[in-house]
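What the coordinates show
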Amino acid sequence: MFCYQCEQTTGARGCTTVGVCGKTPETAALQDLLVHSLKGLGSWAYRARTTVGYSNPEIDQFINLAMFSTLTNVNFDESRFPDYLTTCHRFQEEIKTHMHDAGISTLGTNSPHWGDVPDPVNWNIMDAVKDDVCVTSFMDVGTQVGIR
């Protein structure tokens, strides 16, 4: 776990075992995974809007809601994250379908700047959790994409 999200961080350097605010490493992993997934969704939403003129206000609202769920340090309910993550995946697939139907390729290439972290644009979170949509599976994957 590494978190430097709030003003309570230890020594203004970040929390590394448990957050001063009460955040657990498990919650931190889920938040990191959601932010990583939202990077991919946001990239697809931007690409669809600029290439085929497709936008969905529901997706825009979801991105704001889901991102806010990672910014507040007052609600560490881990049970809400599988829904956020599966919704993020569903919206990303919806956008890809619209682009494909418009004749735009949805095959991407891995960006070299991600190093050993999966590229959020081309990564399929459901493959990563092997369709085991539960908090524990998402936590395990979250440790792979979080800040180290």
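Every value quoted in this text rests on a predicted model; they were computed, and no experiment measured them.

So, about the environment of Cys 88. One can find Cys 88 in helix 3 (residues 81-101). Looking at Cys 88, the relative accessible area reads 1%, which means it is buried. Each C-alpha atom of the pair Cys 88 and Ile 63 lies 8.1 Å from the other, and the pair is 25 residues apart in sequence. Contacts of Cys 88, omitting those with residues within four sequence positions, involve Ser 37, Leu 38, Leu 41 and Phe 62.

On the secondary structure map, Gln 144 appears in helix 5 (residues 135-145). Under the relative-accessibility criterion, Gln 144 is labelled partly exposed at 42%. Taking the C-alpha atoms as reference points, Gln 144 and Asp 32, separated by 112 residues in sequence, lie 9.2 Å from one another.

A separate point is the nonpolar core. Ranked by size, the top nonpolar core spans 29 residues in total, and within it Leu 33, Leu 38, Leu 41, Phe 62 and Ile 95 carry the most contacts. Only helix 1 (25-51), helix 2 (57-71), helix 3, helix 4 (125-128) and helix 5 provide two or more residues apiece to this core. Counting residues per element, this core draws most heavily on helix 1, which supplies 8 residues. Among residues more than four places away in sequence, those in contact with Leu 38 are Phe 62, Ile 63, Ala 66, Met 67 and Cys 88.

Each value, and the rule that gives it
- Residues numbered from 1 in each chain as written.
- Predicted model: local features only at pLDDT ≥ 70, side-chain atom pairs only at ≥ 80, totals over all residues.
- Heavy atoms only, no water.
- Helix = DSSP H or I, 4+ residues; strand = E, 2+ residues; numbered from the N terminus.
- Buried < 20%, exposed > 50% of the residue type's maximum accessible area, 1.4 Å probe, protein only.
- Contact = heavy atoms within 4.5 Å.
- Core = buried A, V, L, I, M, F, W, Y, C linked by side-chain atoms within 4.5 Å.

Scope: geometric values only; no functional claims are made or implied.
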